[in-house]
Amino acid sequence: MAVISKPLVFTYIYLLIYILLSSGVILYNKWVLSPKYFNFPFPITLTMIHMAFSGMVSFFLVRVFKVVSPVKMTFEIYVTCVIPISAFFAASLWFGNTAYLYISVAFIQMLKALMPVATFIMAIMCDTDKARCDVFLNMLVVSVGVVVSSYGEIHFNVVGTVYQVTGIFAEALRLVLTQVLLQKKGLTLNPITSLYYIAPCSFVFLFVPWYLLEKPGMEVSQIQFNFWIFFSNALCALALNFSIFLVIGRTGAVTVRVAGVLKDWILIALSTVIFPESTITVLNITGYAIALCGVVMYNYLKVRDVRASQLPETATERMAKDWKLEKSSDIYVPNNGGNGSGEANTLSFSDGKDEEAQPLITSSRSFHIGRSFAD
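Worth saying up front: this structure is predicted, and the values here are computed from it rather than measured.

Trainee: Looking at this structure, how should I read the side chain of Ser243?
Mentor: With respect to the element layout, Ser243 can be found in helix H9 (residues 227-250). Judged by relative accessible area, Ser243 falls into the buried class, the value being 4%. At a separation of 2.7 Å, a polar atom in the side chain of Ser243 contacts the main-chain carbonyl oxygen of Leu240. Leaving out residues up to four positions away in the same chain, Ser243 has contacts with Ile17, Tyr18 and Leu21.

In structure tokens form, the structure reads like this:
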């Protein structure tokens, strides 16, 4: 009888927690915002509550309890990176939550299949990716599937669909900007520091549309404000951020994507049970299945590209590098720090912790080159 290792058990537990929290937050938001249930039809207000709560918790974790250390944030980085990322983060949450007022949870999940399409388009516009025929065909399959699913939607609503699609493109632009702005500056943010810097800024951006669109229609006497409902709702949203971090740390981005597909199917099924008005048709499911085929193929291509870019160098490439070292008149002094620049004349020396380090013997000297393979 095979014994399951503890790390594997914890990995499955983290995946289960992520799926439950992700599904729970979406269903909870729908229940709070829907006029048929809790009847709090103010999505910007709800999003601002989330941002305020996340900002306060992250402030205490960073500044008071010092669970994590703040990054070296300069005014220039904050203005050029944090502010635009926060703006599109706020927009994606605003539009995504507003869509719950008009369309069903099941149809929203089907529309979210457009995320790879939006990300691919934004990446090309920001010059972080190149247009390719194979990826374009996948995007075409996804788009056709979403169109078929939309055609089969019984309670199709143009306004809700526009809100959701706009939110998807805002989120895609946020992801691309995070890569372009933060990663190029060598700035990495974990979930706590991300919320510490981004949540307050997003709250400010949300205040403007809230003041113009929701505040005039809000009457205190008509608002059902239950502290425990909003507190638990914000707490679930915060816990979801941390669960994503734990899952990626345990598994990898690819596994999270696969878990996300499983979560979508579960969520579609649950939404039809919890919200009876959220009916789905055969055409809905057919279109969504077509779209998922395109998404799966897109993920496969991205993983294949990453693996291909990290294959060990061939014997010919090694011989050429050895020949260049032998012909070089300069004395090469190893630098244990490694600059990671990726230049042709730079060797990155392993610190002994990389299990996949490969030895390279050149003349009478033995170099140890570390290679790290991403998931």
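What follows picks up the thread again.
Trainee: How do you make sense of a nonpolar patch on the surface when you look at a structure like this?
Mentor: A cluster of nonpolar side chains, Met56, Phe59, Phe60, Val64, Phe65 and Val67, forms an exposed patch at the surface whose accessible area comes to about 610 Å². You can see Phe59 is positioned in helix H2 (residues 43-64).

Trainee: Quick question: what am I supposed to make of the environment of Glu153 here?
Mentor: With respect to the helices and strands, the residue Glu153 is situated in the loop between helix H6 (133-151) and helix H7 (158-182). Looking at Glu153, the relative accessible area reads 7%, which means it is buried. The sequence separation of Glu153 and Ser104 amounts to 49 residues, and the corresponding C-alpha distance is 9.6 Å.

Trainee: Sorry, what's going on with the packing of aromatic side chains here?
Mentor: Each aromatic ring pair is specified by the distance between its two centres and by the angle formed by the two planes. Throughout the structure, instances matching the rule amount to 20 aromatic pairs. Ring plane angle 50 degrees and centroid distance 6.3 Å describe the contact between Tyr28 and Trp31, whose orientation is recorded as tilted. With Tyr28 and Trp31 both in helix H1 (residues 6-33), this residue pair falls three residues apart, about one helical turn. With relative accessibility at 31%, the residue Trp31 sits in the partly exposed group. Taking the centre distance of 5.7 Å and the plane angle of 15 degrees together, the rings of Phe227 and Phe231 count as stacked. In this pair, Phe227 and Phe231 both sit in helix H9, four residues apart, roughly one turn of the helix. The exposure class assigned to Phe227 is partly exposed, which follows from its relative accessible area of 48%. On the basis of relative accessible area, Phe231 is assigned to the partly exposed category, the value being 31%. Through a chain of ring-to-ring contacts, the aromatic side chains of Tyr28, Trp31, Phe38, Phe40, Phe42 and Phe230 assemble into a single cluster.

Trainee: Got a minute to help me understand the packing of H6 against helix H11 (residues 282-309) in this structure?
Mentor: At a minimum axis distance of 7 Å, the contact between H6 and H11 shows a crossing angle of 160 degrees. When the interaxial angle is binned, H6 and H11 end up roughly antiparallel. Judged by the twist between their axes, the crossing of H6 over H11 is left-handed. Judged by residue contacts, Asp134, Val135, Asn138, Met139, Val141, Val142, Gly145, Val146, Val148, Ser149 and Tyr151 of H6 engage Leu283, Asn284, Gly287, Tyr288, Ile290, Ala291, Gly294, Val295, Met297, Tyr298, Leu301 and Arg304 from H11. Across the contact of H6 with H11, the residue classes break down as 15 nonpolar, six polar and two charged.

Trainee: Would you mind going over H11 with me for this structure?
Mentor: Residues spaced three or four apart along an α-helix face the same direction, because each turn holds 3.6 residues. For H11, which comprises 28 residues, the first-to-last C-alpha distance of 41 Å matches the rise-based estimate of 40 Å (1.5 Å per residue) to within 8%. Among all positions of H11, only Asn284, Gly287, Tyr288, Ala291, Leu292, Gly294, Val295, Tyr298, Asn299, Leu301 and Val303 are buried.

Trainee: Explanation requested: the packing of H1 against H9 in the structure shown.
Mentor: The relative placement of two packed helices is expressed as an angle between their axes plus a distance between the axes. Running from N to C, H1 and H9 point in directions that differ by 145 degrees, and their axes come no closer than 8 Å. H1 and H9 meet at a crossing whose hand is left-handed. Of the residues that constitute the contact of H1 with H9, the class distribution is 20 nonpolar, six polar and one charged.

Each value, and the rule that gives it
Residues numbered from 1 in each chain as written. Predicted model: local features only at pLDDT ≥ 70, side-chain atom pairs only at ≥ 80, totals over all residues. Heavy atoms only, no water. Helix = DSSP H or I, 4+ residues; strand = E, 2+ residues; numbered from the N terminus. Buried < 20%, exposed > 50% of the residue type's maximum accessible area, 1.4 Å probe, protein only. Polar contact = N/O pair within 3.5 Å; in protein donor to acceptor, adjacent residues only side chain to side chain. Contact = heavy atoms within 4.5 Å. Patch = residues over 30% accessible without salt bridge, like charges linked within 9 Å, V, L, I, M, F, W, Y side chains within 5 Å. Areas by Shrake-Rupley, 256 points an atom, 1.4 Å probe, with all protein chains shown as cover. Salt bridge = Lys/Arg side-chain N within 4 Å of Asp/Glu carboxyl O. Phe/Tyr/Trp six-rings, centres within 6.5 Å; stacked < 30°, edge-to-face > 60°. Axes fitted to C-alpha atoms, helices over the stretch in contact; angles between N-to-C directions. Parallel < 35°, antiparallel > 145°, perpendicular 65-115°, else oblique. Left-handed = near helix turned anticlockwise from the far one by under 90°. Nonpolar A, V, L, I, M, F, W, Y, C, P; charged D, E, K, R; others polar. Expected span 1.5 Å × (residues − 1).

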